[in-house]
Every structure is written in structure tokens, then in C-alpha cells.
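Next come the chains, spelled out residue by residue.
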Amino acid sequence: MTDLTVLGLETSCDETAAAVVRRAADGRVQVLSSVIASQIAEHAPYGGVVPEIAARAHVESIDAIAAQAIAEAGVTYADLTGVAATAGPGLVGGVMVGLSFGKAVALARGIPMIAVNHLEGHAVSARLAADLPYPFLLLLVSGGHCQLLAVEGIGQARRLGSTIDDAAGEAFDKIAKTLGLPYPGGPALEKLAQGGDPERFPLPRALLGRKDCDFSFSGLKTAAARIAETLTTEDERRDLAASVQTAIARQLAERSDRAMAAYAQAHHGFGLRFVVAGGVAANKAVRARLEETASARGFSFTAPPLAYCTDNAAMIALAGAERLALGEAHPMDAPARPRWPL
Ligand code: KG4
Ligand code: ZN
């Protein structure tokens, strides 16, 4: 296997992203470029992502963003040995834009195309910047997903738990909205929580007695919304934000702790590595809590750099490169999939 130079494309939500990643024959990874055009300004007036607006914005910018990623990487289209595009899960209008663009590049250059599962992109994202071997236990926490996965290799993930209602990022976003914060709510809530008292407002602890590794955030969301209605001062808003952030971080840590115990047993105590990825992994309180939990269980802890936590195309390029290295390539009729569990 020779070196791979892969163009990655990500258009499943509200970022148009392109990146070039090089994977050496020995598995070493180098991100040559990673360009992200956020559509936040276009969706902000509506308080969330509008699928039709997202799809149109992807169409308008994908060509220029891909060209920028190629230029910043110091390569040309002729240097590419593969192209990887998100094929789902996500907003299907947007997914079709990146996937069609990827197919066009593959056809024009005569190179293989990989249709990447967005969640698999998040799953490998920590491997972009750290020497992280398989297997590892992954907490994937984004706006649309909240799952614990035993990742044995590329394409080999076993689910240990998932949310029975909202995703953690969704909980951050919805509660932020009730606090009057702008979209996207997660980062805004983290900012407001700074210096707040996390113990001021007691919030419900979901699923505490349950022996599985599932999550639930709807009770917390309802309780926080009720409290938010009664607040009058800025101090109180800050304390509620801090209380919510701590409650979410605590639940993520508690369920991960259970999963670590099960994972350690299944792996006979070897290769104990814990990884957190996805947009919510950008939250410092969440990271700190999970790091503590991992260390108490004897697991190493890895989180991607902040730029690779939220949606980006470098993670898509790497997932594609890892599959290409196994000799995979996908047909030109690979479909865009709004739902696609890992
Ligand atoms: O992975 P991502 O960019 O997109 C999805 O695939 O969903 O995750 C976006 C989610 C949003 O819900 C956003 O509010 C949340 O991640 N998020 C955060 C932070 N940064 C992003 N949540 C809490 N604290 C943050 N700093
Ligand atoms: Zn994502």
C-alpha cells in the first residue's frame, strides 16, 4: 500500500467543509488542510438549522471550499488518490450536495470514492491528532447523537448504549434556547456558565439505577425550562447554566463509567482507552469530568483538538483513507442516507 492523499467532503448539517488528509503507508496521518465554511449566520434568525437553506448554501459554496482545501494543502486535483464524502446520516439535501461533488471528482480523476458514515468520521476524529490505536471505547456526543461504542477497528463498532430521547448536544441547544441564548446553544451556554454556581439548582439525575449504558436528557430539559421561567437576575441565569452543564457532564460520566467497566471486562483489562468525540466534546467541563472518570478506571483519555470535535471534513477524509487502505471503494450509485446507524 502506497501513501494516500484523500479529499474529504462534509455537508450533512450546517457546515460546508473540505479537507485534504495524507495517510502514509505505515498509517501515519497528516492533515494538509481543513476548511470549514459555517452557515451559522444564515440559520441564526430562525433559531436552528433550516434544511432548505442549508442545502442551497452547500450548493453555492462546495466548489470554492474544495478548491480552497486543495490549494491550502499545496496539491492539485491530479495529486489525489481518493475522495471521501459524507453519505449520511444527516439532512439529505445537504448530504446529496457533497456526495454528488465527491462522485464527480472521482469520475473526472478516475480515482476511488468512499461514501463515509458521518458518525464513523467522528469515531476516527481523535486519530487525526493523536497516536491512538484500535480498539477504544468511544463516547460520541454531538447535536444528533449520543452513544457509547466499542470501536474495534474501522467499520467495527459495537454499541453499548445510546440515548432514549434527546442527544446531549440537543439538550444543550434546547436548554440554551429557554435561557434566551442564540443558536448554536452549546458554546453559548458554556460561556454563560463561567463562574456560575453548579450546585444552586438541583436537577434530576436520569437512569441512575439502571444497569445499562443508555442516556436520557428530557427530564433535565423540562426541569431546566421550568426553572428558567422563574429567573429574574443575571446571576441566576449564570447559575442555572452552570447547573445544567454540570448535570449533563455528570450523566455522561456516570454512563461512561458503566461502559468502561463492561468494556474492561470484555477486553480482559487490556487496551483500556477512552475517547470522547463530537461537538459536545468541545465543552471543557464535559472533558474534565470524563478525564477524571477515565483515570479512576485506569483508562487513557483522548479527545480531539477543538477544531476536530465539531463537524469538519478532515475526519471524513481520514475515515475514507482508512477504508481505502483496506482496498474498499464504493459505486457511483451509493445513496445519500438520512438515517444510517453505525
Ligand atoms: O458534531 P457536531 O458539530 O454536529 C453534529 O454532528 O451534530 O455537534 C454540534 C453540537 C451542537 O448541539 C452544539 O451545541 C454542541 O455540539 N456543542 C457544544 C459545544 N460546542 C458545540 N455543546 C456544549 N459545549 C460546547 N462548547
Ligand atoms: Zn457531527
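Just so you know, these numbers come straight off a predicted model, no measurement behind them.

Student: Help me out: how do you make sense of the environment of Leu-220 in this one?
Tutor: Relative to the helices and strands, Leu-220 resides in helix α7 (residues 218–230). Residue classification places Leu-220 among the buried residues on the basis of 23 C-beta atoms within 10 Å. Sequence separation between Leu-220 and Arg-22 is 198 residues; the distance between their C-alpha atoms is 43 Å. Excluding its chain neighbours within four sequence positions, the residues that come into contact with Leu-220 are Ala-171, Leu-203, Pro-204, Ala-206 and Ala-247.

Student: What is the right way to look at the site of ligand 1 in this model?
Tutor: Near ligand 1 lie 19 residues; those nearest to it are Gly-143, Gly-169, Gly-186, Gly-279 and Asn-283. Those elements giving two or more residues to the shell around ligand 1 turn out to be α5 (168–178) and α6 (185–193). If one sorts the elements of the shell around ligand 1 by residue count, α6 sits on top with four residues. Partitioned by chemical class, the residues of the shell around ligand 1 number six nonpolar, ten polar and three charged. A domain split of the shell around ligand 1 shows at least three residues from each of domain 1 (4–128 + 308–325) and domain 2 (136–303).

Student: Honestly, unusual backbone geometry in this entry has me stumped. Any pointers?
Tutor: Of all residues except glycine, most have a negative phi; of all peptide bonds, most are trans. A cis amide bond links Gly-88 to the next residue, Pro-89, at an omega of -10°. In the segment running from Tyr-134 into Pro-135, the intervening peptide bond is cis, with an omega of -5°.

Student: What is the right way to look at the sheet that holds strand β2 (residues 15–23) in this model?
Tutor: In a beta sheet, neighbouring strands are held together by backbone hydrogen bonds and run either parallel or antiparallel to one another. Strands sit in the order β3-β2-β1-β4-β5 across an open sheet of five strands; the sheet is mixed. On the outer flanks of this sheet lie β3 (29–38) and β5 (113–117), each paired with one strand and no other. Averaged over all pairs of adjacent strands, the angle between strand axes in this sheet comes to 20°, irrespective of strand direction. Relative to β3, β2 runs antiparallel, the two sharing nine bridges. Paired with Ala-19 across the bridge in β3 is Ser-34. Helix α2 (residues 51–73) rests against β1 (4–10), β2 and β3 of the sheet, and its axis sits at about 30° to β2. On top of the sheet, helix α11 (residues 314–325) reaches β1, β2, β3, β4 (82–88) and β5; it is set at about 135° to β1, its chief contact.

Student: Help me understand the packing of α7 against helix α8 (residues 234–266), please; the structure alone is not making it clear to me.
Tutor: Helix-helix packing: each pair is described by the crossing angle between the helix axes and the interaxial distance. Remark: α7 packs on α8, axes separated minimally by 11 Å, with the N-to-C direction vectors making an angle of 175°. With respect to their mutual orientation, α7 and α8 come out roughly antiparallel. Taking contact as the criterion, the partners of Leu-220, Ala-224, Ile-227 and Ala-228 in α7 are, on α8, Leu-240, Val-244 and Ala-247. When grouped by side-chain class, the residues that make up the contact of α7 with α8 number seven nonpolar, no polar and no charged.

Student: Explain the UniProt feature "binding site: Fe cation" (unreviewed entry) in the protein chain to me, please; I cannot follow it from the model alone.
Tutor: Here, the residues flagged by UniProt with the feature "binding site: Fe cation" (unreviewed entry) are His-118, His-122 and Asp-311. Despite a sequence span of 194 residues, these residues sit close together in the fold, their greatest C-alpha distance being 8.9 Å. For His-118, a count of 27 C-beta atoms within 10 Å translates into the label buried. Among all residues touching His-118, those that are not within four sequence positions of it are Ser-12, Thr-86, Gly-88, Pro-89 and Gly-90. Following the sequence through the fold, Asp-311 ends up in the loop between α10 (306–309) and α11. Excluding residues that lie within four positions of it along the chain, Asp-311 makes contacts with Glu-10, Cys-13, Glu-15 and Ala-17.

Student: For this particular structure, what's the right way to read the domain arrangement of the protein chain?
Tutor: Where the parts come together, the accessible area they lose is often given as the size of the interface. Taken domain by domain, the protein chain comprises domain 1 (4–128 + 308–325) and domain 2 (136–303). Taking only C-alpha atoms into account, the centre of domain 1 sits 27 Å from that of domain 2. The interface is formed by 16 residues belonging to domain 1 together with 21 residues belonging to domain 2. Here the side of domain 1 that touches domain 2 is built from residues that sort into eight nonpolar, six polar and two charged.

Student: So what exactly am I meant to see when it comes to the pairing of β5 here?
Tutor: Within a regular strand, the side chains alternate between the two sheet faces. Buried residues dominate β5, accounting for five of its five residues. As a crossover connection, the stretch from β4 through helix α3 (residues 92–109) into β5 is right-handed.

The rules behind each value
- Residues numbered from 1 in each chain as written.
- Chains lettered and ligands numbered in written order.
- Predicted model: local features only at pLDDT ≥ 70, side-chain atom pairs only at ≥ 80, totals over all residues.
- Helix = DSSP H or I, 4+ residues; strand = E, 2+ residues; numbered from the N terminus.
- Buried ≥ 20, exposed ≤ 12 C-beta atoms within 10 Å, placed from the backbone.
- Contact = placed C-beta atoms within 7 Å.
- Near = placed C-beta within 6 Å.
- Nonpolar A, V, L, I, M, F, W, Y, C, P; charged D, E, K, R; others polar.
- Domains from an automatic or database assignment.
- Pairing = 2+ DSSP bridges.
- Axes fitted to C-alpha atoms, helices over the stretch in contact; angles between N-to-C directions.
- Parallel < 35°, antiparallel > 145°, perpendicular 65-115°, else oblique.
- UniProt positions renumbered as here; feature names shortened; annotations may be inferred.
- Right-handed = clockwise from strand over helix to strand, strands pointing away.

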